[in-house]
Each structure stands twice: as structure tokens, then as C-alpha cells.
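Given next are the chains, with one letter for each unit.
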Amino acid sequence: MAFIQVNQPSGTGFFVFPIDEENVTARIPHDFTRAYPLAPFERNVSPKTFASLKQRVGSGALAVVGLWPDEAVTKKWELIVGGETCLFMRKSGLVGAGTVIHSERNRTLSEALFGKGGAGTHELLILLAGVTSLSMPLDAFYGAIGRKSRAPFKGFTTLSAENIARIEEKYGSIFGFMEAAAARS
């Protein structure tokens, strides 16, 4: 019998990032599906960070989202260690997911990617790889995690261990959940 080693998300495991326009988290001109080449990162991060990013994505690209550094968001953002899954949602449901490979508070990089002014102040950056589209209705997602549909996510947050246990109970595993949520063409 062979066992396959599968990396499990580390740290807190799963984040939810609401991206509806009225949500404070989403009021910046970024798109989680947009891929950025590594060039802007080299000029705006430390050489050690750039070497790490280059090692992880090679000549590939990264998706980047930024958060406003208010106290509540910063506390959750500081939990990131890399390897977590970030789920993007709208009022209609889950629309995407990606794997966090790095987080950094960097206003200079934020301005380079999103522009100066209001957008540049979203300096709590989350760098993602493997971004995929999802298509799971909100009520199905809420049912999977055991959340009442009248209690929407208002900002960037974590899923609790209980939420993850409910997903695993209903779908057999996180991988089963992601397969069920995958966008079908």
C-alpha cells in the first residue's frame, strides 16, 4: 500500500475574502484573478523575499490582493504563515480560491501594483498561487460550514476548525469540497 504525502494548509488553514463592491475589503482596484509577473516584486521587496518568491513560482506569476490595515483585519492577516487557502466570495457564492504563498505589509509594492492614493493604502498584501475559479452558491457554502445564511461575512476572516470539520463531514475532505465547488464550463 502506498501513501501519498499531501501538504495540508498550515497556520489557520482557510481565509474568506468577500469581494462585493460594498464590502470595505473589496473597495480597491484589484482582481484576484489577475496575474502579476515577478518583475515589480524584485524592485519592491527584499532580495531574500524575492529569491523565495522566484523559487516558488519560477517564471510564473502571482495573484495579489490587498487589505486595509485596520486593527481587526491586521490581527487576522498576521495569522498567515503561507500555505493557507483563501476563498473569494460574492453575495452569489464562492467564486475563487488560491493558495497563499507570502504575505507582506508593503505600501510601496501596493502602490506599484494598485496605484497611488486610496488603493495604495491597502498595504497588507497577500500573494497567491494556483488561483482557480469556483462556482458554489452561497447557501450551499453556508450549509457546508454550518453558518446561517442571514449572517454574511463582512470582511476578511478565518474559517474555524468547526467550519472545516463540517466541510470534511459533508464532502469527505477539503479536496472533495474544492472539487464540488469547482467552476464547470
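Residues numbered from 1 in each chain as written. Predicted model: local features only at pLDDT ≥ 70, side-chain atom pairs only at ≥ 80, totals over all residues. Heavy atoms only, no water.

Some thoughts on the overall build of the protein chain
Piece 1. When helices and strands are counted, the protein chain shows seven helices and seven strands.
Piece 2. For the protein chain, the N- to C-terminal ordering of α and β elements is β-β-α-α-β-α-β-β-α-β-α-β-α-α.
Piece 3. For the protein chain, the residues scored as buried account for 44% of the 185 residues in total.
Piece 4. Once local pairs closer than 6 in sequence are excluded, the contacts in the protein chain between residues at least 24 apart make up 72%.
Piece 5. Within the structure as shown, the protein chain displays about 10000 Å² of accessible surface, and the carbon and sulfur contribution to it stands at 52%. (Helix = DSSP H or I, 4+ residues; strand = E, 2+ residues; numbered from the N terminus. Buried < 20%, exposed > 50% of the residue type's maximum accessible area, 1.4 Å probe, protein only. Contact = heavy atoms within 4.5 Å. Areas by Shrake-Rupley, 256 points an atom, 1.4 Å probe, with all protein chains shown as cover.)

Observations concerning the pairing of strand β6 (residues 124-137)
Piece 1. The sheet contact formed by strand β3 (residues 61-67) and β6 spans five bridges and is antiparallel. Across the sheet, Val64 pairs through a bridge with Leu127, a residue of β6.
Piece 2. Pairing geometry for strand β5 (residues 93-105) and β6, over ten bridges, is antiparallel. Paired with Thr99 across the two strands is Ala129, which belongs to β6. (Pairing = 2+ DSSP bridges.)

Describing the confidence of the model for the protein chain
If pLDDT is low for a region, its predicted coordinates should not be looked at in detail.
Piece 1. With 86% of its residues at a pLDDT of at least 70, the protein chain reaches an overall mean of 84.
Piece 2. Scored below 50 in pLDDT, residues 1-11 makes twelve contacts in the model with residues more than four places away or belonging to other chains. (pLDDT = per-residue confidence, 0-100.)

Quick word on the pattern of salt bridges
Piece 1. Under the counting rule described, the total for this entry stands at four salt bridges.
Piece 2. Salt-bridge contacts for Lys75 lead to Glu71; the nearest nitrogen and oxygen are separated by 3.5 Å. You can see Lys75 and its partner Glu71 sitting in helix α3 (residues 71-77), four residues apart, about one turn around the helix.
Piece 3. Looking at Glu71, the relative accessible area reads 59%, which means it is exposed.
Piece 4. One salt bridge in this structure joins Glu111 and Arg107, with 3.4 Å as the shortest N-O distance. Of the two residues, Glu111 and Arg107 both sit in helix α4 (residues 107-114), four residues apart, roughly one turn of that helix.
Piece 5. Residue classification places Arg107 among the partly exposed residues on the basis of a relative accessible area of 41%.
Piece 6. Where salt bridges share partners, they join Arg105, Arg107, Glu111 and Glu123 into one cluster. (Salt bridge = Lys/Arg side-chain N within 4 Å of Asp/Glu carboxyl O.)

Looking at the nonpolar core
Piece 1. Of all hydrophobic cores here, the largest spans 20 residues; its most connected members are Met89, Leu94, Phe141, Phe153 and Leu159.
Piece 2. At the level of elements, β1 (14-18), β4 (85-90), β5, β6, α5 (138-145), α6 (161-171) and α7 (174-181) are the ones that each hand at least two residues to this core.
Piece 3. A total of five residues in this core trace back to one element, the largest contributor, which is α5.
Piece 4. Setting aside residues up to four positions removed in sequence, Met89 forms contacts with Val16, Phe17, Pro18, Ile19, Asp20, Leu94, Val95, Leu138, Phe141, Tyr142 and Phe153.
Piece 5. With 18 residues, the next largest nonpolar core counts Phe32, Trp77, Cys86 and Phe88 among its residues. (Core = buried A, V, L, I, M, F, W, Y, C linked by side-chain atoms within 4.5 Å.)

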